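Understanding the architecture of this molecule
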Amino acid sequence: MASTLLSPVVDYYNDEEDLDSVDDDDERSFRGRDSEEDTEDASETDLAKHDEDDYVEIKEQMYQDKLASLKRQLQQLQEGTLQEYQKRMKKLDQQYKERLRNTEQVERNYIKEKKAAVKEFDDKKVELKENLIAELEEKKKMIESEKLTMELTGGRRQK
């Protein structure tokens, strides 16, 4: 659409005959050979040129406005995308930190439980040894007592 609107302007500037005739008209008016016909042609040319200049200025202004609008839209889109990206990155970073804290907590709990299990094992081992020693000493005392009893009775059995 823009190319069809600009084409009369482009054609106007590309048409050498029109440019030559405008130059000729300007030269006549500068030389002082103004006639009524030359004056009419010159004012029609000036009006047409002025209208076309206005048209080109309006088109240029519309182009600049549209370009500025597109730039604003692009910037808003980029900012929105950047903001969305930053929100997602912040959320991911929070999730990462939370998982890291959880992992560290699990590791600390594991170490505590392992230490507690080792301590419990050692305590049970000591307790079991003490119980076994106590049982053996008790059995030893019983055997010695039975031995003494047997020696006193003379090896006879009691009924």
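The structure presented is a predicted model; accordingly, all values stated were derived computationally and were not measured. (Residues numbered from 1 in each chain as written. Predicted model: local features only at pLDDT ≥ 70, side-chain atom pairs only at ≥ 80, totals over all residues. Heavy atoms only, no water.)

What follows deals with the pattern of salt bridges. Pairs may arise between side chains of opposite charge once their charged atoms sit close together. Enumeration according to the criterion identifies four salt bridges in this entry. With its nearest N and O atoms 3.4 Å apart, the salt bridge here joins Asp93 to Lys97. Separated by four residues within a single helix, Asp93 and Lys97 lie in helix H3 (residues 36-153), roughly one turn from each other. Looking at Lys97, the relative accessible area reads 44%, which means it is partly exposed. (Salt bridge = Lys/Arg side-chain N within 4 Å of Asp/Glu carboxyl O. Helix = DSSP H or I, 4+ residues; strand = E, 2+ residues; numbered from the N terminus. Buried < 20%, exposed > 50% of the residue type's maximum accessible area, 1.4 Å probe, protein only.)

A cluster of nonpolar side chains, Leu82, Tyr85, Met89 and Leu92, forms an exposed patch at the surface whose accessible area comes to about 410 Å². Of the residues examined, Tyr85 reaches a relative accessible area of 51% and is grouped as exposed. (Patch = residues over 30% accessible without salt bridge, like charges linked within 9 Å, V, L, I, M, F, W, Y side chains within 5 Å. Areas by Shrake-Rupley, 256 points an atom, 1.4 Å probe, with all protein chains shown as cover.)

On to the confidence of the model for the protein. Here the protein averages 79 in pLDDT, while 69% of its residues score no lower than 70. Mean pLDDT in the protein bottoms out at helix H1 (residues 2-14), which sits at 46, and peaks at H3, which reaches 89. Confidence over residues 1-17 falls short of pLDDT 50; this stretch has 12 contacts with residues more than four positions distant or in other chains. (pLDDT = per-residue confidence, 0-100. Contact = heavy atoms within 4.5 Å.)

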